[in-house]
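# Working through the structure, step by step
In case you want the letters, here they are:
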Amino acid sequence: MHDVLHTRLLRRPKPKRGESLLGYLTRVSDENGYDGPYRIFQIVSCDPLLPLRQAGYGPLAGLTDVLGQEILTRCYWPERGGSGNHRFCRTEVKRSMLNLSRPRVCPLCLKEHQARLIEWDLASVACCPHHQTILIDQCPTCSSPLSWKHASVSRCGVCDADLSKSPMREADPGAVSLTSLMLSKAGMVVPSSQIDGPVEVPLNEMNLISVIQAVLFLGSHANGRGIGVGNWLCARLTAAAMHRVVASAASILFGWPGSYFEFLAKVREAWSGRTGLVYEFGSFYETLTKSLPGPQFDFLRNEFERFLTESWDGGFLSQKNRKLNVQASEVFIPKARAAEILHVRPKTIDQLHRTGSLEGVRRQMGGRHLVLIRTDSVRKYQYHQQSLMTAQETSTALGLSEKPLKDLVQEGLLLPSPTAPANRSRPYVFDQKDVEALLDLVFSGVVKCKPDQGYLSYSVAMRKLTAVGWTVSRLIKEIRDRGILVRGRDMCRVGVQQCVFGPADIERVIKMHAIAPQGLYTLPEVAEKLGLKQQVVYALVKSGKLPSSKEKRRGRSVTLVSDADVARFNRTYISAAKIAASHHTSSRYAIQMLRNKNVGPVTGPDIDGNRQVFFRRSDVPVAFSVRAR
């Protein structure tokens, strides 16, 4: 008799379309006066976890007079093959993705269907795609959480408030679209206008499990709950919190890839002060490279590495720390690698970074600093260094010595490159283009030729000009200002030494720019006046035998000798060469004869290094004297 009474329930309503198993049993228990669906399980001695297990549905089908197939389509039994996944409608999900402990409902759907739908058992569903509202999981009147322990489908089991009349909050449009996409993959009917996923993201080609994992992974990290993939959130988050997770994931996916890059930048904001992928991206990096291995998540990894290679300044990618698929060039490289590329020491890289010649960042890394240099900055510096010339190379190219080159720099005719040289021992370097521009200035409009007897070479012209105080920089200025014309270009020489000048031009310039005023002579003029070599005159001035004075003329210190001092020297001293010439003998014999008479020279090679010997006229005997001119 007991078995007969419990074979059929008194009221046996049929399951509604889209109704979940626990929702159906809740409605059955309500119509039969039971206190909840778990009472139904007790009547048939069935496991309350029947929706997740593949046995025991026969007595339940007999009790409710429902076909076993109707029960089976509402169960989430494990799939065969040991995958660990559970059946959900027409697809598969993981056990953690199901929400069977804290029911959620849409008030408008309750009012329309008077049933709890199967789609609400999916933990990632936190909004209704039909009404664009957020699901509720607690009574708005008494704040008690909804539970399967109560019999009513649409009323609170604590305060008996009508849940279908609960106030509703509008759902995020992105969350609605993403929820519609997930439900469509389970074979459910949702508004067709909301099914399309992001154009740039392959969600439409992914299965439901992969979509949910991507949503939980991105949404949890965007909301500061990022630990692993995020499956643990399904059993712990309220409907409102899950809605925020889905909405955050939607904002990232539907704004791809710009929103994804902004999200990655925010993930770094909470870094611990240490540099490196693990320390700056934490669980996100570890999960992306280890817990989401399938090719369906390559779009996340590819754009993550693109972010690292284009925007990340917290470290550098190498074979040791790169666990991603795409091999891309780095935006930043370590200091040691930059030093290797430029063939300099790491200390030189530090100096180039401090002076701004190389762009990069400096990060604290424990007790030391990590210096990262921008790759494009290294390439740019390397390319520019190839066009730089040292001072010695510049001197060779211009055909000048070191002193004239420094004069050119001081006069502003040739400026050093602002780029710091890689070799710190070099005071400055020059840009090859600037050197070529200076030569072009000198030889503008000049034809190539071979110098003949009617023209002066650069060396001869410069010797004449230096005698009146000219310098190379002044010569180049005159050439620039057309004060002196370059008559030709001797291609057998190098640099400015190729200049060929007209004799008349040089003589005219010398007369126009004579340095010595009336009554004063330069040392070359004194040598010509006394009939001596310039070196001998220089030695006489140095020893004080020939008084002189120095004056600043056109930026150059010039030694001048007065006409009176020249005449006085000529009256006071006589060279051994003149004595020998007047007696038709050699200088050596004349010196020896004077020494035999105890007359010694006042200057000479053995006395002060002067290459010519001079005697005081008053010391020379009458027999050897020569009349002063």
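Look a little higher up for the structure.
A brief structural summary. (Residues numbered from 1 in each chain as written. Predicted model: local features only at pLDDT ≥ 70, side-chain atom pairs only at ≥ 80, totals over all residues. Heavy atoms only, no water.)

## Some thoughts on the layout of surface pockets
- There is about 690 Å³ of room inside the largest pocket.
- Along the wall of the largest pocket there are 22 residues; nearest its centre are Arg17, Gly18, Ile118, Met188 and Val189.
- Here the lining of the largest pocket is built from residues that sort into nine nonpolar, six polar and seven charged.
- Volume-wise, the second largest pocket comes out at about 550 Å³. (1 Å grid on protein atoms, 1.4 Å probe; cavity = no way out; pocket = protein on both sides within 12 Å on 5 of 7 lines; lining within 4 Å. Points joined across faces, edges and corners; volume = space filled by probe spheres on them. Nonpolar A, V, L, I, M, F, W, Y, C, P; charged D, E, K, R; others polar.)

## Some thoughts on the state of the cysteines
- This model, assessed by the stated rule, comprises zero disulfides.
- Left without a disulfide partner, cysteine 142 is nearest to the cysteine sulfur of cysteine 159, which lies 3.6 Å away.
- According to the relative accessible area criterion, cysteine 142 is partly exposed, its value standing at 29%.
- No disulfide involves cysteine 156; its nearest neighbouring cysteine sulfur is the one of cysteine 142, lying 3.7 Å away. (Disulfide = S-S within 2.5 Å. Buried < 20%, exposed > 50% of the residue type's maximum accessible area, 1.4 Å probe, protein only.)

## Points about unusual backbone geometry
- Cis geometry is found at the peptide bond from tryptophan 256 to proline 257, where omega equals -5 degrees.
- Relative to the helices and strands, proline 257 resides in the loop between helix H9 (239-253) and helix H10 (258-268).
- For serine 143, which is not glycine, the phi torsion reads 65 degrees and is therefore positive.
- Take serine 143: it is sitting in the loop between strand S4 (133-134) and helix H7 (173-185).
- For serine 143, a relative accessible area of 47% translates into the label partly exposed.
- Non-glycine residue arginine 482 carries a positive phi angle of around 65 degrees.
- Within the secondary structure layout, arginine 482 lies in the loop between helix H20 (472-480) and strand S11 (488-489). (Helix = DSSP H or I, 4+ residues; strand = E, 2+ residues; numbered from the N terminus.)

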